[in-house]
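What the coordinates show
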Amino acid sequence: KPEWQLLIFGLFLTMYLITVCGNLLIILAVSSDSLLHTPMYFFLCNLSFVDICFTSTTIPKMLWNIQTQSKVITYEGCITQIYFLIHFGVLDIFLLTVMAYDRFVAICHPLHYTVIMNHQLCGLMILGSWIVCILNSLLQSLTALRLSFCTNLEIPHFFCELNQMVQLACSDTFLNNVVMYFAAVLLGGGPFAGILYSYSKIVSCIRGISSAQGKYKAFSTCVSHLSAVSLFYCTVLGVYLSSAATHSSHSSATASVMYTVVTPMLNPFLYSLRNKDIKKALKSFFVKETTILSQH
């Protein structure tokens, strides 16, 4: 609705700026403090970078469309947006899974943590995640390119969503659906099963700790990650279950704002508000910068 455009523009611009600034602050805190050069914060740094990229694939284009009063995107632009959205969305899932494994090793095998989670393994896990996500995005985009459409498309969404594109095609979409659902089960369900397995082991290890203080300390290291996982998976599942139940593309578009915009915005808060190390690193960085500026 035209009367809502200015409000929506302001709301999404604010959320986008909070997302970018919040995640950049985490990257800044981790890179500036040598005490945070550990596997856990290395993965968190990567997650923050991916969250910035994830939101940047959709919101700037949406804001531009509102500003120019044009709801048009080129076919090439749409395919490109689909590619990067799938790439960074799946990469988000992979990073959350890797972080769950990191917590599992830290709590269940603390004496061997530095040996298991060495620099080489951490680098390989990140590299492997990027390679798999690139290949998956390429496959999904290439299968989308083979589709033919009858008329000018009207996508009832604020970004080019692959499922919506497939539904609007005039050609046979069997291959697209097979690839799409196979990837969803393998690259969405597989990591989720890995996260559940890691936390089942973590829970059993925490139960074996004798002191209440030790249990609390072990569990507190997982709270931020568990919150991020719950938020991401609950919103994604909520979107697709609600759209399947209501068959309303507009309600699906509204709900998808949760995992494409709200979750990346909340992640910095989840990881920094309860994390003394991040807050300490940021405080020392800004104090140091202020000191340097005052000296000049």
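Per chain, the residues get numbers from 1 upward, laid out in the order the sequence is written. Local features in this predicted model are restricted to residues whose pLDDT is 70 or higher, and side-chain atom pairs enter the listing and the counts only when it is 80 or higher, whereas totals over whole chains, interfaces and linings include all residues. In computing side-chain values, all of the structure's heavy atoms are included and hydrogens and water are not.

1. Brief notes about a nonpolar patch on the surface
Going by this rule: Distance thresholds for patches are 9 Å for like charges and 5 Å for nonpolar side chains (Val, Leu, Ile, Met, Phe, Trp, Tyr), applied to residues having over 30% relative accessible area and no salt bridge. Computed with a 1.4 Å probe, the accessible areas rest on the Shrake-Rupley method; for each residue, only the protein chains presented here act as cover. Take a side-chain nitrogen of Lys or Arg and a carboxyl oxygen of Asp or Glu: if they are within 4 Å of each other, that pair is a salt bridge. Strands here are runs of E lasting at least two residues and helices are runs of H or I lasting at least four, both read from the DSSP assignment and numbered beginning at the N terminus.
A contiguous nonpolar patch, built from Tyr-75, Leu-124, Leu-127, Ile-131, Ile-134, Leu-135, Leu-138, Leu-142 and Leu-145 and spanning about 820 Å² of accessible area, is present on the exposed surface. Here the nonpolar patch takes 8 residues from helix α6 (residues 119-145), the largest share from any one element.

2. A few points about the UniProt feature "transmembrane region" (unreviewed entry) in the protein chain
As a reminder, the rule being used: UniProt positions are given in the numbering used here, feature names are shortened, and annotations may be inferred rather than shown by experiment.
In the numbering adopted here, UniProt assigns the feature "transmembrane region" (unreviewed entry) to residues 6-28, 79-101, 121-139, 178-197, 218-241 and 253-273. Taken as a whole, residues 79-101 contains 100% helix and 0% strand, while its terminal C-alpha atoms sit 33 Å from one another. Helix makes up 100% of residues 178-197 and strand 0%. Its end C-alpha atoms lie 27 Å apart.

3. Description of unusual backbone geometry
Heads up, the rule is: The classification of residues rests on relative accessible area computed with a 1.4 Å probe and restricted to protein chains. Under 20% of the type maximum is buried, over 50% is exposed, and intermediate values are partly exposed.
Of note in this structure, Gln-69 is not a glycine but carries a positive phi near 55 degrees. Relative to the helices and strands, Gln-69 is located in the loop between α3 (59-68) and α4 (75-108). A relative accessible area of 62% means that Gln-69 is categorised as exposed.

4. Brief notes about the confidence of the model for the protein chain
Selection rule: Predictor confidence is given residue by residue as pLDDT, running from a minimum of 0 to a maximum of 100.
Mean pLDDT over the protein chain stands at 87; residues scoring 70 or higher make up 92%. Of all helices and strands in the protein chain, the one with the weakest mean pLDDT is helix α12 (residues 276-295) (74), whereas α6 scores best (95).

5. Side note on the packing of aromatic side chains
Aromatic ring pairs are defined here through the distance separating the ring centres and the angle between the ring planes. Threshold: Working definition: rings of Phe, Tyr and Trp (its six-membered ring) pair if their centres are within 6.5 Å, and the pair is stacked with planes under 30 degrees apart, edge-to-face with planes over 60 apart, and tilted otherwise.
One pass over the structure, following the stated rule, counts 10 aromatic pairs. Ring geometry for Phe-88 versus Trp-130: centroids 6.2 Å apart, planes at 85 degrees, classification edge-to-face. Here the residue Phe-88 occupies a position in helix α4, and Trp-130 occupies one in helix α6, the gap between them amounting to 42 residues. When its relative accessible area of 8% is taken as the criterion, Phe-88 is described as buried.

6. A closer look at the environment of Asn-176
Topologically, Asn-176 is positioned in helix α8 (residues 174-207). Accessibility expressed as a relative area gives 2% for Asn-176, which makes it buried. In sequence terms Asn-176 and Thr-38 are 138 residues apart; their C-alpha atoms lie 41 Å from each other.

7. A closer look at the state of the cysteines
Threshold: Any pair of cysteine sulfurs within 2.5 Å is marked as a disulfide.
Inspection of every chain in the model, using the stated rule, returns 2 disulfides. One disulfide bridge connects Cys-78 with Cys-160, the sulfur atoms lying 1.9 Å from each other. Here the disulfide of Cys-78 and Cys-160 is left-handed, its torsion about the S-S bond being about -120 degrees. Here the residue Cys-78 occupies a position in helix α4, and Cys-160 occupies one in the loop between α6 and α7 (162-167), the gap between them amounting to 82 residues. With relative accessibility at 4%, the residue Cys-78 sits in the buried group. For Cys-160, a relative accessible area of 3% puts it in the buried group. Sulfur-sulfur distance for the disulfide between Cys-150 and Cys-170 comes to 1.6 Å. With Cys-150 in the loop between α6 and α7 and Cys-170 in the loop between α7 and α8, this pair connects stretches of sequence that are 20 residues apart. By relative accessible area, which is 57% here, Cys-150 ends up exposed. With a relative accessible area of 42%, Cys-170 lands in the partly exposed category. Each disulfide of the protein chain joins two cysteines, and with those cysteines numbered along the sequence the arrangement is 1-3, 2-4. The structure places no disulfide on Cys-122, whose sulfur is separated from the nearest cysteine sulfur, that of Cys-45, by 13 Å.

8. Structural notes on the environment of Ile-202
Quick note on the threshold: Contacts between residues were defined by any pair of non-hydrogen atoms, one from each residue, lying within 4.5 Å.
As for its placement among the helices and strands, Ile-202 is situated in helix α8. Overall, Ile-202 belongs to the buried group, its relative accessible area being 1%. The sequence separation of Ile-202 and Ala-281 amounts to 79 residues, and the corresponding C-alpha distance is 28 Å. Ile-202 has contacts with Ala-100, Arg-103, Phe-104, Ile-107, Cys-108 and Cys-222, leaving out every residue within four places of it along the chain.

9. Notes on the packing of α4 against α6
Just so we agree on the cut-off: To get an axis, a line is fitted to the C-alpha atoms, and for a helix only the part in contact is used. The angle between two axes follows their N-to-C directions and goes from 0 to 180 degrees. For classification purposes, an angle smaller than 35 degrees is called roughly parallel, one larger than 145 roughly antiparallel, one from 65 to 115 roughly perpendicular, and anything else oblique. Crossing chirality is assigned from the near helix's rotation relative to the far helix, an anticlockwise turn below a right angle marking it left-handed and a clockwise turn marking it right-handed. Residue classes follow a fixed rule: Ala, Val, Leu, Ile, Met, Phe, Trp, Tyr, Cys and Pro count as nonpolar, while Asp, Glu, Lys and Arg count as charged, and any other residue, Gly among them, counts as polar.
For the pair α4 and α6, the least separation of the axes is 8 Å and the interaxial angle reads 150 degrees. When the interaxial angle is binned, α4 and α6 end up roughly antiparallel. Along this stretch, α4 crosses α6, giving a crossing that reads as right-handed. Its residues assigned to classes, the contact of α4 with α6 shows 20 nonpolar, 6 polar and no charged.

10. Observations concerning the nonpolar core
Rules: We call a set of buried Ala, Val, Leu, Ile, Met, Phe, Trp, Tyr and Cys residues a nonpolar core when their side-chain atoms join them within 4.5 Å.
Ranked by size, the top nonpolar core spans 78 residues in total, and within it Phe-12, Phe-43, Leu-44, Leu-96, Tyr-271 and Ile-278 carry the most contacts. With 19 residues, α4 is the single largest residue contributor to this core. Beyond its immediate sequence surroundings of up to four residues, Leu-44 is in contact with Ile-26, Met-99, Tyr-271 and Ile-278.

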